[in-house]
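Take a look at the letters that make up each chain.
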Amino acid sequence: MRLVGTWTVTAVSGVTVPSGEQHGPWLTFDGDGQVFGMSGVNRVRGTWSVDGDVLTFGPLASTMMAGPPQAMALESALHGLLAAPLTLHTADGAAASSADPMLDPAASAAGRPAIVDLLASDGGSVELRRTTPRN
């Protein structure tokens, strides 16, 4: 499954996360169905699964630290979106299947990172960009 690995959250419902942001969210998907990362200010951990082109997170546990208002607002929006099933789409808007949801041959050939959009039924979205692991 290509979702396994570390992904940086680059936008939440159309709001771009500034690159290099101290409180920039990221998620690492392990092959055993575990997910962990940073949702902005707080660390998160939980489970994930894909069925067809639908990504579902199990309950996510989070630390409960406070941070700057803008980072907390982004984190709250992200948590809200991750609480419901999300449809996987490639960067060009095509639905992605669990057979190979994150493979973007054109991006790989050009040396660009893979990008995927997670779309909620209410119109919200999360944009993920494959990245290197963080500590």
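Note that the structure is a prediction, hence the values are computed from the model and not measured.

A. Layout of the environment of Pro-25. With respect to the element layout, Pro-25 can be found in the loop between strand S2 (15–16) and strand S3 (26–29). Sequence-wise, Pro-25 and Arg-43 are 18 residues apart; in three dimensions their C-alpha atoms are separated by 9.1 Å. If we ignore the near neighbours within four places in the chain, the residues touching Pro-25 are Thr-8, Val-9, Val-17, Met-38, Ser-39, Gly-40, Leu-74 and Leu-78.

B. Region of the structure containing the packing of aromatic side chains. A complete count under the given rule lists three aromatic pairs for this structure. Ring geometry for Trp-26 versus Phe-36: centroids 6.2 Å apart, planes at 85 degrees, classification edge-to-face. Placement of the pair is Trp-26 in strand S3 and Phe-36 in strand S4 (residues 34–38), with a sequence separation of 10 residues. Taking the relative accessible area as the measure of exposure, Trp-26 reaches 4% and is therefore buried. Judged by relative accessible area, which is 23%, Phe-36 ranks as partly exposed. An angle of 40 degrees between the planes, with centres 5.9 Å apart, marks the rings of Phe-29 and Phe-57 as tilted.

C. Highlighting the environment of Met-72. Position of Met-72 relative to the elements: it lies in helix H1 (residues 69–82). Separated by 33 residues in the primary sequence, Met-72 and Ser-39 place their C-alpha atoms 9.2 Å from one another. For Met-72, the contacting residues outside a window of four places in its chain are Val-41, Asn-42, Met-65, Ala-66 and Gly-67.

D. Expanded view of the side chain of Asn-42. By secondary structure assignment, the location of Asn-42 is in the loop between S4 and strand S5 (43–51). Residue classification places Asn-42 among the buried residues on the basis of a relative accessible area of 2%. One polar contact links Asn-42 to Thr-63, side chain to side chain, over a distance of 2.8 Å. Polar side-chain contacts of Asn-42 include one of 2.5 Å to the backbone nitrogen of Met-65. Filtering out sequence-adjacent residues up to four positions away, Asn-42 remains in contact with Gly-37, Ser-62, Thr-63, Met-64, Met-65, Met-72 and Glu-75.

E. Quick peek at the pairing of strand S1 (residues 5–12). The buried fraction of S1 is high, at eight of eight residues. Direction of pairing for S1 relative to S3: antiparallel, over a ladder of four bridges. Within S3, the position partnered with Thr-6 by the bridge is Thr-28. Sheet analysis places S1 next to strand S10 (residues 125–131), joined by six bridges and oriented antiparallel. By the bridge assignment, Val-12 is partnered in S10 with Val-126. Pairing analysis gives two bridges linking S1 to S2, with the strands arranged antiparallel. Residue pairing in the sheet places Val-12 in a bridge with Val-15 of S2. Linking two consecutive strands that pair antiparallel, namely S1 and S2, is a turn of two residues; a positive phi of about 50 degrees is found at Ser-13 within it.

About the cut-offs
- Residues numbered from 1 in each chain as written.
- Predicted model: local features only at pLDDT ≥ 70, side-chain atom pairs only at ≥ 80, totals over all residues.
- Heavy atoms only, no water.
- Helix = DSSP H or I, 4+ residues; strand = E, 2+ residues; numbered from the N terminus.
- Contact = heavy atoms within 4.5 Å.
- Phe/Tyr/Trp six-rings, centres within 6.5 Å; stacked < 30°, edge-to-face > 60°.
- Buried < 20%, exposed > 50% of the residue type's maximum accessible area, 1.4 Å probe, protein only.
- Polar contact = N/O pair within 3.5 Å; in protein donor to acceptor, adjacent residues only side chain to side chain.
- Pairing = 2+ DSSP bridges.

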